[in-house]
Structure formats: structure tokens, C-alpha cells
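Descriptive analysis of the structure
Single-letter residue listing:
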Amino acid sequence: MAADERGGQQHANRDKQEVEETAPEASNDLQERQEKISEDVDSMLDEIDEVLEANSEDFVRGFVQKGGQ
Amino acid sequence: MSVWRIMGTETEYGISVPGNPGANAMLISSQIVNSYAAAMHRARRARWDFEEENPLRDARGFDLARDIADASQLTDEDAGLANVILTNGARLYVDHAHPEYSSPEVTNPRDAVIWDKAGEWIMAEASRRAAEIPGTAPINLYKNNTDNKGASYGSHENYLMQRTTPFADIVRNLTPFFVSRQVVTGAGRVGIGQDGRAHGFQISQRADFFEVEVGLETTLKRPIINTRDEPHADPERYRRLHVIIGDANLAEISIYLKMGTTSLVLAMIEERFMSTDLSVEAPVRTLHQVSHDPTLRQLVTLRSGRKLTAVQLQMEYCEQARKFVEDRYGSDVDDVTKDVLERWESVLTRLESDPMTLSKELDWVAKYEILQGYRKRDSLDWDSSRLELVDLQYSDVRPAKGLYQRLAARGRFERITTDERIRQAVDHPPEDTRAYFRGRCLDKYADSVAAASWDSVIFDVPGRESLQRVPTLEPTRGTKQHVQALIDRSRTAEDLVRALTEG
């Protein structure tokens with residue numbers, strides 16, 4: 001009984017260790033993925049910066065349409 | 001039935017001369033259409049044939065008296081504005097104060113994407129040509145739906161339906177679908193309210209401009225379900241469902257799912273397959289609320305009392321559609337229907353778990369990702385004019401300036417077709433509808449075509465006193481299979497008319 005309990009506990013401890021070991025890795029993966037997305041978005045913004053119309057305030061104010069369907 | 005049916009799109013493009021907000025919109029729209037027409041090198045330009053047009057007929061069964069109709073509803077009076085029929089079967093013309101491209105009739109959502117995208121190419125080319133005329137200021141064109149100052153202009157879808165389907169069934173089953181489909185088909189917008197007065201991002205360009213549930217109008221008091229009943233086909237057999245609630249999309253997957261899922265839902269309505277009533281409380285207000293919440297958490301209340309998100313409401317339709325297709329076809333389903341179903345389910349599943357993973361598929365998510373990137377990098381708030389500019393310029397049709405166009409060229413978007421296929425569709429009609437006959441006639445007999453429309457081609461041939469009108473009332477006839485040999489062996493329009501009248 002006692003051995004079993006101990007065994008059970010040891011098992012639980014091992015599980016806990018595994019969780020503790022894998023958790024940082026998983027969060028590293030997520031972080032890496034987020035960093036990659038962020039780099040990707042940054043390079044996209046750099047490209048958009050180059051073509052965005054100058055003087056945004058005047059430009060959007062000047063875009064006046066008549067209603068349609 | 002499946003995603004296959006006769007369908008098409010119409011898009012009014014935003015138009016402006018940078019630095020000259022007072023430019024006459026009708027005039028510059030005409031310049032755009034005329035520039036493209038001139039580039040086609042046709043000696044004679046076919047007129048639009050208005051004989052079968054009846055924009056005041058209402059699907060509910062009565063005609064609106066002409067003298068009580070708003071002037072903007074009278075689209076059948078030829079105002080002398082620029083109007084051309086293209087060799088791909090499309091119509092390029094000035095509608096109200098915008099250049100409009102109406103795609104040729106196609107049979108499935110994949111082709112709908114191809115000929116809709118061909119329209120973007122045609123507009124970009126028209127703008128480039130117009131700028132070549134000495135003394136003309138550059139004219140910019142935008143595939144969007146609002147100026148963020150109170151004006152909206154449409155991008156409509158058309159679906160041919162069986163006349164026997166009661167209109168009330170369409171209204172009941174389609175309204176909840178239209179209230180919720182924006183989570184897939186929205187083009188994204190900076191600004192809340194018709195004039196964009198409140199600051200923020202919303203899913204749809206068009207949602208705030210819808211004010212009633214059902215109606216005939218398209219320019220004021222816009223209805224979720226439009227009742228215009230002008231089939232451009234045999235009215236005994238068909239109705240054309242004129243859908244005015246969609247956003248103008250640039251992303252191919254957005255257009256594809258917009259057309260494909262709607263066609264599939266219509267098939268379920270026609271075959272009375274919809275088993276549960278998904279009617280929503282206060283559909284107009286709910287439409288606005290769903291659009292205003294890009295976190296997708298807004299709850300929709302059904303008349304049954306049930307509450308669910310717009311994504312979950314779409315999942316209800318998707319699930320029914322899967323059962324419907326399974327029931328009708330089993331494993332014998334065609335590739336396009338199968339693909340639409342799989343993508344629809346995949347998109348909805350990811351909208352529930354992690355919407356930003358759809359930034360390479362859906363317009364509103366792509367736009368939202370760019371805008372959030374700017375907000376973070378440059379610490380901008382939603383009232384920033386730069387964010388409004390990003391929203392506008394996303395839809396610029398020019399390859400070098402349009403944000404969608406640039407990102408797509410860099411391979412940033414998932415695609416369902418190719419540039420080669422779209423480029424081919426700029427000049428050539430679909431092969432499996434009457435657009436084939438129209439397009440081929442415009443190409444081969446341009447000088448003898450006096451007028452044309454969706455349901456006719458009118459020839460002016462030597463030796464005949466009157467004009468010869470060839471009706472094309474059945475959209476599934478006049479296909480390559482039906483008329484290719486006839487057109488190939490008719491050297492002139494005279495030969496063709498003789499073969500048609502004597503044969």
C-alpha cells in the first residue's frame with residue numbers, strides 16, 4: 001500500500017517534472033511563432049510605408065463620393 | 001443542387017481625382033469607360049439594349065409607379081452616359097456617379113472570382129489609359145463601398161433562381177445568413193456609422209448603410225433583402241435574386257466563399273431543405289452590431305430565444321449545407337462544391353479559435369492585421385488619418401499603389417486562380433453561358449452589332465431594312481458547345497443572321 005502510494009506519488013512527481021520541463025518549451029514555440037508573425041507584419045508595413053500616399057489627412061478628406069446603389 | 005447556378009457580380013468603383021474633390025464624378029466616370037472603349041479599337045460601339053429592362057418590378061408582385069420612383073431608381077433611361085459591352089461578355093458603364101463593371105454570367109463561384117477579378121484589371125487599365133490623354137489629371141479608382149463621409153456605392157451579386165420558390169421562403173431563410181455572413185465576406189472598414197463619425201474598426205464596409213429588412217430601393221433605405229425582380233431571362237421560369245448587401249472584395253477566397261456559400265444556401269431554400277428556423281430578432285440592428293465587433297463575440301438573438309455568435313450562426317448553415325450535399329450527392333459531389341464546403345468549414349472553425357490566422361484569406365482580417373500593425377508600431381489611435389488612408393488605399397486598383405494588389409503580387413494571399421487565367425478573362429467570355437455568344441459576337445462582328453444586353457444581341461446588317469434582334473433569354477444557351485461552330489463558320493454578321501433565321 002505504502003509502496004503503491006509512494007509509487008503513485010513518484011509517478012505524479014515525474015509527471016509534474018515533465019510538465020515543468022515541457023511548459024517553457026511550448027511557450028518558447030508560441031513566442032517564436034508570435035515573433036515571426038510580428039517580423040512578417042513589420043516587413044509588410046515597411047513595404048506599405050513606401051507606397052502610402054503623402055499627406056494622409058488631405059488625401060482622405062479629398063476622397064468624396066456621390067452615393068450609388 | 002450544389003454551388004452551381006447562373007450568377008454574376010456588379011461593382012461600382014469609387015472614383016476621384018487627387019487634389020480635386022470637386023471633379024464632376026459623371027464626367028470622370030465617362031472618361032474612364034471611354035478610355036477603355038477607345039483602347040478596344042472598335043469602329044462602332046454597340047449600344048445597350050434596354051428593351052427587357054424593368055428595374056421597377058418588385059418580386060413581391062407589384063410594379064412601383066414610375067412617377068413615385070426616385071430618379072436614381074430609373075436605370076433604364078439611357079442618359080447618354082458611357083456604356084460599352086466587352087468581348088468577355090461584361091458591361092462597362094457609368095451608373096449614377098461611378099464607373100461600374102458588371103461581370104458576364106458564369107455558372108460557378110470559381111468562375112465568378114475570375115471574371116470579377118478581370119474587372120479590377122479592366123479598371124486599372126482604363127485608369128492608365130485615361131491618364132495618357134494629354135491635359136487629363138490622373139483618375140484613381142477604388143474597389144470599396146464608402147467614402148466614410150456618408151456615401152455608399154454597391155457591389156451586387158446576382159443569382160438565378162427557380163421562379164417556383166416562394167419569395168417569403170427566401171426572405172425567412174436568407175436574412176439570418178446575410179446578417180452573419182459578413183464575418184467571412186466583410187472587407188473591413190475604419191470608421192463607425194454611415195459618415196464614419198465614431199472611431200474604430202468594423203468588419204463590413206456596407207453594414208451601416210442598411211436600414212430596412214426587405215425592399216425595392218438600392219440607393220436609399222437600403223434593404224437586407226432587395227426585391228428587384230428583373231430576371232433578364234424567362235420570367236415564368238426564373239427570378240434573379242439581386243443581392244445588394246455584400247462588400248466589394250479583393251481577396252479571392254472572400255469572393256469565392258461569398259458567391260459559393262450564398263449559392264449553396266439558395267439551393268437549400270429552393271429544395272426546402274432548411275429544417276430549422278434561424279430567424280433573428282432585430283436583423284438590421286444585429287447586422288450593425290456584428291459588424292462593429294471584430295472580436296466576433298457579439299451575440300445574435302434568434303426569435304426562438306437562442307443566443308449565439310455570428311460565426312456559430314454561419315456554422316448552423318454550414319452544417320445544414322454539408323448534410324444537404326451529402327444527402328443529394330454522397331461521395332459523387334463535384335470538386336467546386338466540395339471545395340467550397342471544406343473551405344467554409346475551415347474558415348469558420350478558425351474564426352472561432354484564432355481569427356488572425358485568416359489574414360491570408362479574408363479581406364477584413366488582412367486589413368485588420370495591417371491596421372493593428374500600424375497602431376502598435378506608430379502608437380496610432382483609430383482617429384488617425386493614416387489608418388483611414390490604409391483602409392482606402394487597400395482597395396486602390398493600381399498594381400503599384402493598391403495595398404491589396406502589392407501584397408497579392410508578393411504572394412501574401414491564398415488564391416484559387418492565377419493571373420494568367422484572369423488576364424485571359426479580360427478579353428474572353430465564359431464558355432458555358434450565353435455570355436459566350438455575346439462576347440464572341442462583339443469580338444468578331446463588332447461593326448455590325450448595333451446594341452446588346454444580357455438577353456439580346458442586335459445586328460445591323462446590309463440588305464436588311466430593320467435591325468435584327470437575336471434574343472438570348474435562356475442564360476444556359478448560346479454556350480461554346482451550342483454556337484462555336486456556327487460563329488466559326490459565319491464570316492460576317494450577315495452570314496450569322498442568315499444561318500439563325502433560316503436554320
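Just so you know, these numbers come straight off a predicted model, no measurement behind them.

Moving on, we get to the overall build of chain B. Looking only at helices and strands, chain B features 15 helices and 18 strands. Along the three orthogonal principal directions, the C-alpha set of chain B runs to about 70 × 60 × 50 Å. By residue count, 62% of the 503 residues in chain B fall in the buried class. When contacts within chain B are restricted to residue pairs at least 6 apart in sequence, those whose partners lie at least 24 apart make up 71%. Carbon and sulfur atoms provide 48% of the accessible area of chain B, an area that totals close to 19000 Å². Mean positive and mean negative side-chain charge positions of chain B (65 and 77 charges, respectively) differ by 3 Å.

In this section: the overall build of chain A. Tallying secondary structure elements over chain A gives 2 helices and 0 strands in all. By the burial criterion, 23% of the 69 residues in chain A qualify as buried. Of the roughly 5100 Å² that chain A leaves accessible, carbon and sulfur atoms contribute 47%.

Listed as interface residues are 28 residues of chain A and, on the opposing side, 51 residues of chain B. Roughly 3400 Å² of surface becomes buried between chain A and chain B when both sides are summed, with 55% attributable to carbon and sulfur atoms. Per-residue buried area on chain A facing chain B is highest for Phe63, Gln65 and Gln69 of chain A; these three make up 26% of the total on that side. Connecting chain A to chain B are 9 salt bridges. Notably, a salt bridge pairs lysine 401 of chain B with glutamate 53 of chain A, separated by 3.9 Å at the nearest N-O pair. Listed by contribution, the elements that provide at least two residues to the side of chain A that touches chain B are α1 (2-51) and α2 (56-61) of chain A. The biggest single contributor to the side of chain A that touches chain B is α1 of chain A, with 13 residues. By residue class, the composition of the side of chain A that touches chain B is 11 nonpolar, 8 polar and 9 charged.

Time to look at the environment of methionine 7 of chain B. All names here are of chain B. As for its placement among the helices and strands, methionine 7 is situated in strand β1 (residues 7-12). C-alpha of methionine 7 to C-alpha of leucine 241: the two residues are 234 residues apart in sequence and 9.4 Å apart in space. Methionine 7 has contacts with Pro104, Glu105, Val106, Asn108, Pro109, Ala112, Asn158, Tyr159, Met259 and Ser263, leaving out every residue within four places of it along the chain.

A separate point is the pattern of salt bridges. What the rule picks out here adds up to 52 salt bridges over all chains. Arginine 61 of chain A is the salt-bridge partner of aspartate 58 of chain A, the closest N and O atoms lying 3.3 Å from each other. Here aspartate 58 of chain A and its partner arginine 61 of chain A are both found in helix α2, 3 residues apart, which amounts to about one turn of the helix. With a closest N to O distance of 2.8 Å, glutamate 252 of chain B and arginine 415 of chain B form a salt bridge. Pair noted here: glutamate 252 of chain B is in helix α5 (residues 252-270) and arginine 415 of chain B is in the loop between α11 (403-409) and α12 (419-427), with a separation of 163 residues, a long-range link. Look at arginine 415 of chain B and you get partly exposed, because its relative accessible area is 35%. Through salt bridges with shared partners, a single ionic network connects Asp46 and Asp49 of chain A together with Arg377, Asp378 and Arg386 of chain B.

What follows is about helix α15 (residues 493-502) of chain B. Residues and elements named next belong to chain B. Taken together, the buried positions of α15 are Ala493, Leu496 and Val497. Burial along α15 is one-sided: seen end-on, the buried residues are contained in an arc of 95°. In this structure, the buried side of α15 is in contact with α13 (435-444), β17 (456-459), β18 (468-471) and α14 (480-489).

For the rest of this paragraph, the subject is the packing of aromatic side chains. Scanning the model with the defined rule gives 13 aromatic pairs over all chains in all. On the basis of an interplanar angle of 70° and a centroid distance of 5.0 Å, the ring pair of phenylalanine 63 of chain A and tyrosine 142 of chain B is categorised as edge-to-face. Of this pair, phenylalanine 63 of chain A sits in the segment after α2 while tyrosine 142 of chain B sits in strand β7 (residues 140-142), which puts the two residues in different chains. Side by side, phenylalanine 63 of chain A and tyrosine 142 of chain B carry an identical accessibility label, which is buried. Here the aromatic rings of tryptophan 48 of chain B and tryptophan 454 of chain B are separated by 5.3 Å at their centres, their planes lie at 75°, and the arrangement is edge-to-face. Of the two residues, tryptophan 48 of chain B sits in strand β3 (residues 47-48) while tryptophan 454 of chain B sits in the loop between β16 (449-453) and β17, which places them 406 residues apart along the sequence.

In the predicted model, chain B carries a mean pLDDT of 93, and 93% of its residues have values of at least 70. Across the interface, the model reports ipTM at 0.91; the global pTM reads 0.91.

Moving on: the confidence of the model for chain A. In this model, chain A carries a mean pLDDT of 74, and residues with pLDDT of at least 70 account for 61%. Below pLDDT 50 for its whole length, residues 1-19 of chain A participates in 0 contacts with residues either more than four positions away or in separate chains.

Attention now moves to the nonpolar core. Residues and elements named next belong to chain B. Among the nonpolar cores identified, the biggest contains 128 residues, and Leu174, Trp344 and Leu351 are the most heavily contacted of them. A total of 11 residues in this core trace back to one element, the largest contributor, which is α5. Excluding its chain neighbours within four sequence positions, the residues that come into contact with tryptophan 344 are Phe177, Leu257, Thr261, Val265, Gln314, Tyr317, Cys318 and Ala321. Of all hydrophobic cores here, the second largest spans 22 residues; its members include Phe437, Leu442, Tyr445 and Ile487.

Basis of the calculations
Residues numbered from 1 in each chain as written. Chains lettered and ligands numbered in written order. Predicted model: local features only at pLDDT ≥ 70, side-chain atom pairs only at ≥ 80, totals over all residues. Heavy atoms only, no water. Helix = DSSP H or I, 4+ residues; strand = E, 2+ residues; numbered from the N terminus. Buried < 20%, exposed > 50% of the residue type's maximum accessible area, 1.4 Å probe, protein only. Contact = heavy atoms within 4.5 Å. Areas by Shrake-Rupley, 256 points an atom, 1.4 Å probe, with all protein chains shown as cover. Lys, Arg positive; Asp, Glu negative; His and termini not counted. Charge placed at Lys NZ, Arg CZ, Asp CG, Glu CD. Buried area = accessible area lost by both parts, 1.4 Å probe. Salt bridge = Lys/Arg side-chain N within 4 Å of Asp/Glu carboxyl O. Nonpolar A, V, L, I, M, F, W, Y, C, P; charged D, E, K, R; others polar. Arc of directions from axis to C-beta. Phe/Tyr/Trp six-rings, centres within 6.5 Å; stacked < 30°, edge-to-face > 60°. pLDDT = per-residue confidence, 0-100. Core = buried A, V, L, I, M, F, W, Y, C linked by side-chain atoms within 4.5 Å.

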